[in-house]
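What follows is the residue order along each chain.
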Amino acid sequence: MAERARKRIVVLSGSGLSAESGLPTFRDAAGLWNQYSWVELASPDGWRERPELVLAFYNERRSKAWAAQPNAAHRAIASLERHFDVSVVTQNVDNLHERAGSARVLHVHGELAFARGTGPSRKRYRIDGAPIELGQKCDEGTQLRPDIVWFGEETQHMDEARALVEAADKMLVVGTSLTVYPAAGLVDVARREADKVLNVIEIDEVPSGFRFERGPATQVIPRVVDAWTREVA
Ligand code: OAD
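Peer 1: Describe helix α6 (residues 72-79), and please don't skip the residues or the numbers.
Peer 2: Of all eight residues in α6, six are buried, a share of seventy percent or more. For α6, the full list of buried residues reads A73, H74, A76, I77, A78 and S79. Here the buried face of α6 lies against β1 (8-13), α1 (16-19), β2 (85-90), α7 (96-100), β7 (170-174) and α9 (217-232). Of the residues that open α6, the one with a side-chain oxygen 2.8 Å from the backbone nitrogen of A73 is N71.

Written out as structure tokens, the structure reads:
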């Protein structure tokens, strides 16, 4: 018997998904942008003015991310691949989706695991959990920087992400306040008839057509994944 075509799921994740792995969010009370200045730490101007501060900030985030473990929500998302064609579009710069077993992950805001030069070349260098030091250069002789999308820089893989969302039968949005564009705009290109779920703790406005599941991702996501799996298993 021919296998039925697998339904397509897109997961759009943000920092709240990794919160229960011990990594901070950005805009919650203890969030990074309530403690630090994004202008100093996440903008081309900040990098020009105090590169040593920017490197130290991302070196610390990288070492914390490498010490963290994927949580039950990351694992439940990875388990969807047994029954569905799954793509993860993440705003997160950690690698917890990959370490939980997700095979297709698009990092629209870059990855801590990579460095790149400050010249025009987009060549990336895998550094995994290692720090980047001032004075470390790329092949072309420019200072290495984190491969992180800073404010004012172009979000990565957006065309591919948009196409995946437009074709999805189901969309699961988790752990994002949906305030940073263009990534947040992906919820608007989902099909009207797609089954759409949003899981966060706080949100200003639930996007149209989404079922809102309030609560910690480690409790909510395994439940959503179970229900979706039961539909097809
Ligand atoms: P935010 O800090 O803006 O939003 C985090 C969301 O996660 C909020 O809606 C929280 O309610 C929710 N949340 C917190 N803990 C949770 C939990 N345990 N389970 C479920 N939800 C939880 O973070 P992002 O939306 O990820 O960009 O921020 C988007 C971008 O802004 C980031 O990618 C980063 C930042 O500037 C760059 O660095 C380029």
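Peer 1: So what's going on with the site of the ligand? Which residues, and what values?
Peer 2: The environment of the ligand is made up of 24 residues, and the closest members are S15, R27, T176, S177 and E202. Between the ligand and F26, the relevant distance is 2.8 Å, taken from an oxygen atom to a main-chain nitrogen or oxygen of the residue. Within the backbone of Q91, a nitrogen or oxygen atom sits 3.2 Å from an oxygen atom of the ligand. Protein coverage of the free-state accessible area of the ligand, which is 790 Å², stands at 96%. Considered class by class, the residues forming the shell around the ligand number 10 nonpolar, 10 polar and four charged.

Peer 1: I'd like to hear about a nonpolar patch on the surface, residue by residue, with values.
Peer 2: A surface patch of nonpolar side chains, about 260 Å² in accessible area, is lined by W38, V39 and F151. Relative to the helices and strands, V39 resides in helix α3 (residues 38-41).

Peer 1: Describe the side chain of S87, with residues and values.
Peer 2: The topology assignment puts S87 in strand β2. Of the polar contacts made by the side chain of S87, one reaches the side chain of R104; its length is 3.3 Å.

Peer 1: So what's going on with the environment of I221? Which residues, and what values?
Peer 2: You can see I221 is positioned in helix α9. In sequence terms I221 and H74 are 147 residues apart; their C-alpha atoms lie 8.5 Å from each other. Setting aside anything within four residues of it in sequence, one finds I221 in contact with A73, A76, I77, L172, V174 and N199.

Peer 1: Give a description of the packing of aromatic side chains that names residues and reports values.
Peer 2: What the rule picks out here adds up to seven aromatic pairs. Ring plane angle 45 degrees and centroid distance 5.3 Å describe the contact between F26 and W33, whose orientation is recorded as tilted. Classification of W33 by relative accessible area gives buried; the value is 15%. The cationic tip of R124 hangs over the ring face of F114; the distance from NZ or CZ to the ring centre is 3.6 Å. Across the ring face of W150, the terminal group of R145 is positioned such that the distance to the ring centre comes to 3.8 Å.

Peer 1: Can you explain the pattern of salt bridges? Please cite residues and give values.
Peer 2: For side chains bearing opposite charge, pairing can occur when the charged atoms are close. In this structure the tally under the stated criterion is 19 salt bridges. K170 is the partner of D195 in a salt bridge, and the nearest nitrogen-oxygen pair spans 3.0 Å. With D195 in strand β8 (residues 195-200) and K170 in strand β7, this residue pair connects regions lying 25 residues apart in the sequence. Given a relative accessible area of 4%, K170 falls into the buried group. Three or more residues are tied together by salt bridges with common partners; here these are K170, D195, R211, E213, R223 and E231.

Peer 1: Residues and numbers for the nonpolar core, please.
Peer 2: Of all hydrophobic cores here, the largest spans 24 residues; its most connected members are W33, Y58 and W150. Counting only elements with at least two residues in this core, the list comes to α2 (32-35), α5 (51-67) and β4 (110-116). The element best represented in this core is α5, accounting for five residues. In this structure Y58 touches L41, A42, L112, P146, I148 and W150, once residues within four positions along its chain are discounted. Counting residues in hydrophobic clusters, the runner-up holds 22 residues, among them M158, V165, A183 and A190.

Procedures and definitions
Residues numbered from 1 in each chain as written. Predicted model: local features only at pLDDT ≥ 70, side-chain atom pairs only at ≥ 80, totals over all residues. Heavy atoms only, no water. Buried < 20%, exposed > 50% of the residue type's maximum accessible area, 1.4 Å probe, protein only. Helix = DSSP H or I, 4+ residues; strand = E, 2+ residues; numbered from the N terminus. Contact = heavy atoms within 4.5 Å. Polar contact = N/O pair within 3.5 Å; in protein donor to acceptor, adjacent residues only side chain to side chain. Near = heavy atom within 4 Å. Areas by Shrake-Rupley, 256 points an atom, 1.4 Å probe, with all protein chains shown as cover. Nonpolar A, V, L, I, M, F, W, Y, C, P; charged D, E, K, R; others polar. Patch = residues over 30% accessible without salt bridge, like charges linked within 9 Å, V, L, I, M, F, W, Y side chains within 5 Å. Salt bridge = Lys/Arg side-chain N within 4 Å of Asp/Glu carboxyl O. Phe/Tyr/Trp six-rings, centres within 6.5 Å; stacked < 30°, edge-to-face > 60°. Lys NZ or Arg CZ within 6 Å of the ring centre and 35° of its normal. Core = buried A, V, L, I, M, F, W, Y, C linked by side-chain atoms within 4.5 Å.

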